[in-house]
Amino acid sequence: MVVTSPNQDWIPEYPMERSIIQTFSDGLWGVREYSRWPQELVHGMWHITCIPRRGSAVGLPSVLWHRLNPDEDWYEDPRAGLQHVGFIRTSLVEPLRSAAESMLNSYRSVPKHERGRCVLGEQICMLLDQSIEHMTRLPARPSVAVAVAAHVQRLTLELAGLKLYLDVVTRRIETAGNFSTELLDVLGAFVKGGTAAQTLTRVGLPVWFLQPLTPHIKIWRVVFPCPVLDLSNSASETAILHAPHVRAGVMNLTGNWLATMVQGVSMQLCSITLPTLFGAGGDEPGEGDRAKRPRPLPSTLRSKTIELPTIASQSRGRVDGPVKKSRGRGGKHNKARQSETSRTAASEQRPDVQASVPPTPGPSVRSDAVLRPSQHHIASPFYDLPIWWERALRLAGTLPQPPKSAVYFYPPPFLLDTKVHRYLHNLLRIRHFCRLRLFDATISGHPLSIAEWRAALWGDYFFKADPAVNKSEGHQRRAKRRFDDRNAVARLFGNVAAMKPYCDTDTPYLGGLTVTSEVAARDARVRYHLLWEAHETNWRCELLALDQAVVSREGWPIMERWEREAEVSAVWGEGSGVTLPLVVPPDPDWKKGLQALRALLRLMSRWPEYPETLRSMPTLDEDWTSDDYDEAQCCAVSFYTTTFVRCFHRLPIPPIAFPEDYHL
């Protein structure tokens, strides 16, 4: 075999396919890095040949070709809650993000009928969006952070090649003209067919023709293959497994690996599976951990999902019959229960809620039963819920005792409606880790029960021996479970996160504010920001979880999974706040919430028992009236709440307005 070229005076090293793709310290794939080095032409992926070369006159910033170095370009983030995790330095991340977003906007400006020529376009945009989010928001170890940033470079260059292909090359292909003298400054491709070599030459793309050596080949000059010089030759610790389904030829010169590798690397770097929200005391803790471990590249790729298995209804959970009397423990515990009950009674008398909320038809509860916020709506003394959320939660009534303890992805906000200011002060220390553990595959991220979150917020991360209980076997079993749960929290925060036990002299930061224990107790801005964050984080995770529960993704290809998750993310849009049920007519700005509301309706339209009221809403934005918006908002929130309760047997955490009056 020889390699010839009709329009190039050099021969690049040929990237023969391997079953193991070696990755390097710069996050790239060496000679198989398709965004920097010519590859074999792949059917349906001609845009790879159109990726601009470094230094070409296409106006792309040089940061897209910057050779990343984990020793120089990465820094440790002290706020992450884990040791030796961090980000690529800001001086690189900001121009890289700007270049990627600019290319996304440039590609999306191409008319839709032109973009339809290449089905990979929207998929590349989706992968790039996820990679940018991962690079800028999730701290990681040096090799992973570099690999993610390199993937942003890779996908941005690929999108640039796709745009050049749509703008220039397709028009050249469709005409009969000869553009061989108007050579494009792009990567080009290796080809094995004479027809493909002739076509690439005619449209002005660099081409290298693999063919058998025969006496009929005209050779003008013999050169040696050029090795890759501007990429790292320092191999990284982890190679990428690749198992193509089709192999041909003794030299293994197949090209079917490229599309699979792009999706596979995106899945390994940017696809995250959040833990299952099982009730406490159900499955073994290790089950959630195993679900998050990185796997070799499978034939059916999986994506970021939240799986919330539904809890089957059990007759013993009903409260229609006699309710077991709970024994009061006296002291501050009884006072706490009385204050919660009185707070609920006071909120029920509020005229703004009472006027719009009909009597609650929930099941009856004995007066001596404890009202738990996971089963019965208890109004906060610090903020008001949006009116339709308040109405939906009250209409849910008092839920029966679930078969398992309720668990939450993030500290539930009702734990912050407390006079225990230590919870607020310690949450400022651990909040970054509480978020990171949901997305880092190396950390146990299973949701915690209310008791476990209390222990985490209290901050005593010491191991304690099992107490001596001289009571029945049931008491001993429950006491052991309580101590095991507390020790698990101590192990998570004390060992994994390497956090010291709480000390009231700690001074964590919230924005630019240094928060002492006294500031946490007195400055209302601290509480309101933490309350909003608790609502927002739980609400987003629970929406993903509920959609996963009612719309099964089993058997879906990876791209369809990510497209569905993009529909979920559209509910809160690009900003950090949730507009959805916060703007209520006759507010003249109600149209600001229309896009978020319509995104929620599109998402829920695939849920079982989707209301006909929502299905009959206008299809165009200009046809909506304030009455339509009000009715759809009320019905959507009610449908969401009833579906969540039916699936998980606890009340959902709703979103609240960002505390603008308490802005830092």
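Residues numbered from 1 in each chain as written. Predicted model: local features only at pLDDT ≥ 70, side-chain atom pairs only at ≥ 80, totals over all residues. Heavy atoms only, no water.

Visitor: Would you explain the overall build of the protein chain in this entry?
Guide: Of the regular secondary structure elements, the protein chain holds 20 helices and 12 strands. Out of the 664 residues belonging to the protein chain, those deemed buried represent 50%. Long-range contacts, defined as pairs at least 24 residues apart, comprise 78% of the intrachain contacts of the protein chain with a sequence gap of at least 6. (Helix = DSSP H or I, 4+ residues; strand = E, 2+ residues; numbered from the N terminus. Buried < 20%, exposed > 50% of the residue type's maximum accessible area, 1.4 Å probe, protein only. Contact = heavy atoms within 4.5 Å.)

Visitor: Even after reading the chapter, I still don't get the packing of aromatic side chains, so can you show me in this structure?
Guide: Each aromatic ring pair is characterised by the separation of its centres together with the angle its planes make. Taken as a whole and judged by the stated rule, the model has 21 aromatic pairs. Both rings, one in W389 and one in W539, keep their centres 5.7 Å apart while their planes meet at 80°; by these two values the pair is edge-to-face. With W389 in helix α11 (residues 387-395) and W539 in helix α16 (residues 524-550), this residue pair connects regions lying 150 residues apart in the sequence. The class of W539 is buried, set by a relative accessible area of 1%. (Phe/Tyr/Trp six-rings, centres within 6.5 Å; stacked < 30°, edge-to-face > 60°.)

Visitor: Honestly, the nonpolar core in this entry has me stumped. Any pointers?
Guide: Taken as a class, soluble globular proteins show a tendency for nonpolar side chains to be buried jointly. Core analysis: the largest hydrophobic core is formed by 65 residues, its most contacted members being I88, L128, L159, L200 and L205. Only α2 (90-108), α4 (120-137), α5 (142-174), β6 (189-191), α6 (194-203), β7 (207-211) and α17 (558-569) provide two or more residues apiece to this core. Element by element, the count of residues in this core is highest for α5, at 15 residues. Setting aside chain neighbours within four positions, we find L200 in contact with L41, W46, A189, V191, L205, P206 and V207. By size, the runner-up hydrophobic cluster in this structure holds 48 residues, among which are Y423, I443, V526 and W532. (Core = buried A, V, L, I, M, F, W, Y, C linked by side-chain atoms within 4.5 Å.)

Visitor: I would appreciate a short explanation of the sheet that holds β6 in the present structure.
Guide: Sheets are built from strands that pair by backbone hydrogen bonding, the pairs being arranged parallel or antiparallel. Taken in spatial order, the 4 strands make up an open sheet running β1-β7-β6-β3, and their pairing is mixed. Looking at the sheet topology across the chains shown, the edges are occupied by β1 (2-4) and β3 (39-40). Of the pairings in the sheet, the one linking β6 to β7 comprises 3 bridges and is parallel in character. Along β7, the bridge assignment pairs F190 with W208. Across the face of the sheet, α6 comes into contact with β6 and β7 while running at roughly 165° to β7. (Pairing = 2+ DSSP bridges. Axes fitted to C-alpha atoms, helices over the stretch in contact; angles between N-to-C directions.)

Visitor: Would you explain the confidence of the model for the protein chain in this entry?
Guide: Interpretation of the predicted coordinates at a detailed level should be avoided for regions scoring low in pLDDT. Scored by pLDDT, the protein chain has a mean of 79; 75% of the residues are at 70 or more. In this model, residues 575-581 is a region of pLDDT below 50 whose contacts with residues beyond four sequence positions or in other chains number 27 contacts. (pLDDT = per-residue confidence, 0-100.)

Visitor: Please explain the pattern of salt bridges as it appears in this structure.
Guide: Think of it this way: side chains of opposite charge can pair up when their charged atoms draw near. Taken as a whole, this structure holds 24 salt bridges when the rule is applied. For the salt bridge of D129 with R108, the shortest nitrogen-to-oxygen distance reads 3.0 Å. Taken together, the residues D129 in helix α4 and R108 in helix α2 connect sequence positions 21 residues apart. The class of D129 is partly exposed, set by a relative accessible area of 30%. Here D506 and R429 are joined by a salt bridge, their closest N and O atoms 3.7 Å apart. Placement of D506 in the loop between α14 (473-496) and β11 (509-510) and of R429 in helix α12 (residues 421-436) is noted, with a sequence separation of 77 residues between them. A relative accessible area of 22% means that D506 is categorised as partly exposed. (Salt bridge = Lys/Arg side-chain N within 4 Å of Asp/Glu carboxyl O.)

Visitor: I keep staring at a positive patch on the surface and nothing clicks. Help me out?
Guide: Together, K464, R478, R481, R482 and R486 make up a region of like positive charge exposed at the surface. Relative to the helices and strands, R478 resides in helix α14. (Patch = residues over 30% accessible without salt bridge, like charges linked within 9 Å, V, L, I, M, F, W, Y side chains within 5 Å. Areas by Shrake-Rupley, 256 points an atom, 1.4 Å probe, with all protein chains shown as cover. Lys, Arg positive; Asp, Glu negative; His and termini not counted. Charge placed at Lys NZ, Arg CZ, Asp CG, Glu CD.)

Visitor: Which parts of the structure should I look at to understand the packing of α12 against helix α13 (residues 450-458)?
Guide: The interhelical angle for the contact between α12 and α13, taken along N-to-C directions, is 100°, at an axis separation of 7 Å. Taken together, α12 and α13 sit at an angle that is classed as roughly perpendicular. For the pair formed by α12 and α13, the contact residues are R422, Y423, N426, L427, I430 and C434 on the first element and W453, R454, A456, L457 and W458 on the second. Of the residues in the contact of α12 with α13, the class split is 8 nonpolar, 1 polar and 2 charged. (Parallel < 35°, antiparallel > 145°, perpendicular 65-115°, else oblique. Nonpolar A, V, L, I, M, F, W, Y, C, P; charged D, E, K, R; others polar.)

Visitor: Can you walk me through unusual backbone geometry in this structure?
Guide: Peptide bonds are mostly trans, and most non-glycine residues show a negative phi. For A498, which is not glycine, the phi torsion reads 55° and is therefore positive. Mapped onto the fold, A498 is located in the loop between α14 and β11. At E609, a residue that is not glycine, the phi angle is positive and equals roughly 60°. Here E609 shows up in the loop between α18 (594-604) and α19 (612-615). Of the residues examined, E609 reaches a relative accessible area of 63% and is grouped as exposed.

Visitor: So what exactly am I meant to see when it comes to the side chain of T170 here?
Guide: Assignment of secondary structure puts T170 in helix α5. In this structure T170 comes out as buried when scored by relative accessible area, which is 5%. Among the polar contacts made by the side chain of T170, one reaches the main-chain carbonyl oxygen of L166 at a distance of 2.9 Å. (Polar contact = N/O pair within 3.5 Å; in protein donor to acceptor, adjacent residues only side chain to side chain.)

Visitor: Any chance you could explain α4 here in plain terms?
Guide: Residues that lie three or four places apart on an α-helix share one face, since the helix turns once every 3.6 residues. Between its first and last C-alpha atoms α4 spans 26 Å; for 18 residues at 1.5 Å apiece the expected length is 26 Å, and the two agree. Where α4 is concerned, the buried positions are L120, G121, I124, C125, M126, L127, L128, Q130, S131, I132, H134 and M135. (Expected span 1.5 Å × (residues − 1).)

Visitor: Which parts of the structure should I look at to understand the pairing of β7?
Guide: Both faces of the sheet carry side chains from a regular strand, because those side chains alternate between them. By the criterion of burial, β7 is predominantly enclosed, with 5 of the 5 residues buried. Burial along β7 is two-sided: the residues V207, F209 and Q211 and W208 and L210 are all buried. Where the polypeptide runs from β6 across α6 and back to β7, its parallel neighbour, the crossover connection is right-handed. (Right-handed = clockwise from strand over helix to strand, strands pointing away.)

Visitor: So what exactly am I meant to see when it comes to the packing of α2 against α4 here?
Guide: Angle between the axes and distance between the axes: these two values describe a pair of packed helices. Their axes nearest at 11 Å, the elements α2 and α4 cross at an angle of 160°. By the angle between their axes, α2 is roughly antiparallel relative to α4. The two elements α2 and α4 cross, and the hand of that crossing is left-handed. Side by side, α2 and α4 meet where V93, L96, R97, A100, E101, L104, Y107 and R108 of the first sit next to G121, E122, C125, L128, D129, I132, M135 and T136 of the second. When the residues that make up the contact of α2 with α4 are grouped by side-chain class, the tally is 9 nonpolar, 2 polar and 5 charged. (Left-handed = near helix turned anticlockwise from the far one by under 90°.)

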